[in-house]
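# Results of the structural survey
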Amino acid sequence: MTTVIMRTTARVVVPIILVVSISLFIQGHNLPGGGFIGGVLTTTAFALIYIAYGLDFPRVLGHEIEPTESVFEDPIVVGYRRTFLLGLVIALGGGLVPLLFDLSFLSQTYVILHHVPLYHELELASALVFDLGVFLVVVGGLLTILSVVGAE
């Protein structure tokens, strides 16, 4: 059982961690950051929630899930593994798409959008797709490890 102080701290700190994570993810193709560090920070936010509320916290958010015999069959762990696989497919796809245009593997390009409200100009880079894949691989992999090890 955790303390009220820990739970209150988690409620305040987790949104801040997630905002920083998203910021680092989005700026990753131009500045330090990207999918890896964004994924690590997102997993840190989940770890803090797990520490404050326990590993069964995701069950509280949704409907009641029947307990399973193996932790690998747990629907939450299966969801984390699917997130990992989806990220792997997106990252690999982001690398293979340039081959369709006679470019080298993982070639990058960008588009600058003009007259965007609040930003005026916004640069969208194809590296963002690869970073999204890396982000999902890191989040899915680390949350799977965290859940499996935590259940032992």
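As the structure is a prediction and not an experimental result, all values here were calculated from the model. Each residue is numbered by its place in its chain's sequence as written, counting from 1. Per-residue local features of the predicted model are confined to residues with pLDDT of at least 70, and side-chain atom pairs are confined, for both listing and counting, to 80 or more; whole-chain, interface and lining totals are unaffected and use all residues. To obtain the side-chain values, all non-hydrogen atoms of the structure were used and water was disregarded.

### Remarks on unusual backbone geometry
Phi at Asp 102 is positive, roughly 60 degrees, even though this residue is not glycine. For Leu 106, which is not glycine, the phi dihedral falls at a positive 65 degrees. Each helix is a run of H or I in the DSSP string that is no shorter than four residues. Each strand is a run of E no shorter than two, and both are numbered from the N terminus. Tracing the chain through its elements places Leu 106 in the loop between helix H4 (75-96) and strand S1 (110-116).

### Digging into the nonpolar core
The term nonpolar core refers to a set of buried residues drawn from Ala, Val, Leu, Ile, Met, Phe, Trp, Tyr and Cys, joined through side-chain atoms within 4.5 Å. Any residue under 20% of the maximum accessible area for its type is buried, any over 50% is exposed, and the rest in between are partly exposed; the area is computed with a 1.4 Å probe on protein chains only. Residues Phe 25, Tyr 50, Ile 76, Tyr 80, Phe 135, Leu 136, Val 139 and Leu 143 constitute the largest nonpolar core, which totals eight residues. Secondary-structure elements contributing two or more residues to this core are H4 and helix H5 (127-151). The dominant element in this core, judged by the number of residues it contributes, is H5, at four residues.

### Here we look at a nonpolar patch on the surface
Where nonpolar side chains cluster on the molecular surface, the patch consists of Leu 92, Leu 96, Leu 99, Phe 105, Leu 106 and Phe 130 and spans about 510 Å² of accessible area. Of note, Leu 96 is situated in helix H4. Each patch is built from residues lacking any salt bridge and having more than 30% relative accessible area; the joining distance is 9 Å for like charges and 5 Å for nonpolar side chains (Val, Leu, Ile, Met, Phe, Trp, Tyr). Areas reported here follow the Shrake-Rupley algorithm with a probe of radius 1.4 Å; residue values treat only the protein chains shown as occluding. We define a salt bridge as a side-chain nitrogen of Lys or Arg found within 4 Å of a carboxyl oxygen belonging to Asp or Glu.

### Side note on the UniProt feature "transmembrane region" (unreviewed entry) in the protein
UniProt positions are given in the numbering used here, feature names are shortened, and annotations may be inferred rather than shown by experiment. Those residues carrying the UniProt feature "transmembrane region" (unreviewed entry) are residues 12-29, 35-55, 84-107 and 127-149 in this numbering. With 54% helix and 0% strand, residues 84-107 has its two end C-alpha atoms placed 23 Å apart. Its end C-alpha atoms 33 Å apart, residues 127-149 is made of 100% helix and 0% strand.

### Here's the deal with the side chain of Asp 131
Along the chain, Asp 131 turns up in helix H5. Buried charge Asp 131 goes without a salt bridge, the closest partner of opposite sign being Arg 81 at 24 Å. Here, residues are in contact when the closest pair of their heavy atoms is within 4.5 Å. Excluding residues that lie within four positions of it along the chain, Asp 131 makes contacts with Phe 25, Gly 28, His 29, Gly 34 and Gly 35. Positive: Lys, Arg. Negative: Asp, Glu. His and the chain ends are not part of the count.

### Overview of the environment of Glu 152
By the element assignment, Glu 152 lies in the segment after H5. Given the relative accessible area of 76%, Glu 152 is considered exposed. Linking Glu 152 and Gly 140, residues 12 residues apart in sequence, is a C-alpha distance of 19 Å.

### Looking at helix H1 (residues 4-27)
By this rule the span expected of a helix is its residue count minus one, scaled by 1.5 Å. The end-to-end C-alpha separation of H1 is 35 Å, in line with the 34 Å expected for 24 residues at 1.5 Å each. The quantity called bend is, for any residue, the angle between two axes fitted respectively to the seven residues ending at it and the seven beginning at it. Within H1, the axis deviates most sharply at Val 13, by approximately 25 degrees, and proline Pro 15 lies no more than four positions further along. Where H1 is concerned, the buried positions are Ala 10, Val 14, Ile 17, Ser 21 and Phe 25. The inward-facing, buried residues of H1 abut helix H2 (35-53) and H5.

### Here's the deal with the packing of H1 against H5
Whenever a helix is involved, its axis is fitted only over the stretch in contact; in every case the axis is a line through C-alpha atoms, and angles between N-to-C directions fall within 0 to 180 degrees. The contact between H1 and H5 brings their axes to 9 Å, and the two run at 140 degrees. Classified by the angle between their axes, H1 and H5 sit oblique to one another. In contact with Ser 21, Phe 25 and Ile 26 of H1, H5 contributes Leu 128, Asp 131, Leu 132 and Phe 135. Side-chain classes are defined by residue name, with Ala, Val, Leu, Ile, Met, Phe, Trp, Tyr, Cys and Pro counting as nonpolar, Asp, Glu, Lys and Arg as charged, and the others, Gly among them, as polar. Grouping the constituent residues of the contact of H1 with H5 by class yields five nonpolar, one polar and one charged. Any angle that falls under 35 degrees is termed roughly parallel, while one over 145 is termed roughly antiparallel, one within 65 to 115 roughly perpendicular, and all others oblique.

### Description of the pairing of S1
In this scheme, strands are said to pair when DSSP sees at least two bridges between them. Sheet analysis places S1 next to strand S2 (residues 120-125), joined by six bridges and oriented antiparallel. Within S2, the position partnered with His 114 by the bridge is Glu 121. Taking the residues between adjacent antiparallel strands as the criterion, S1 and S2 are bridged by three residues, where Leu 118 takes a positive phi near 75 degrees.

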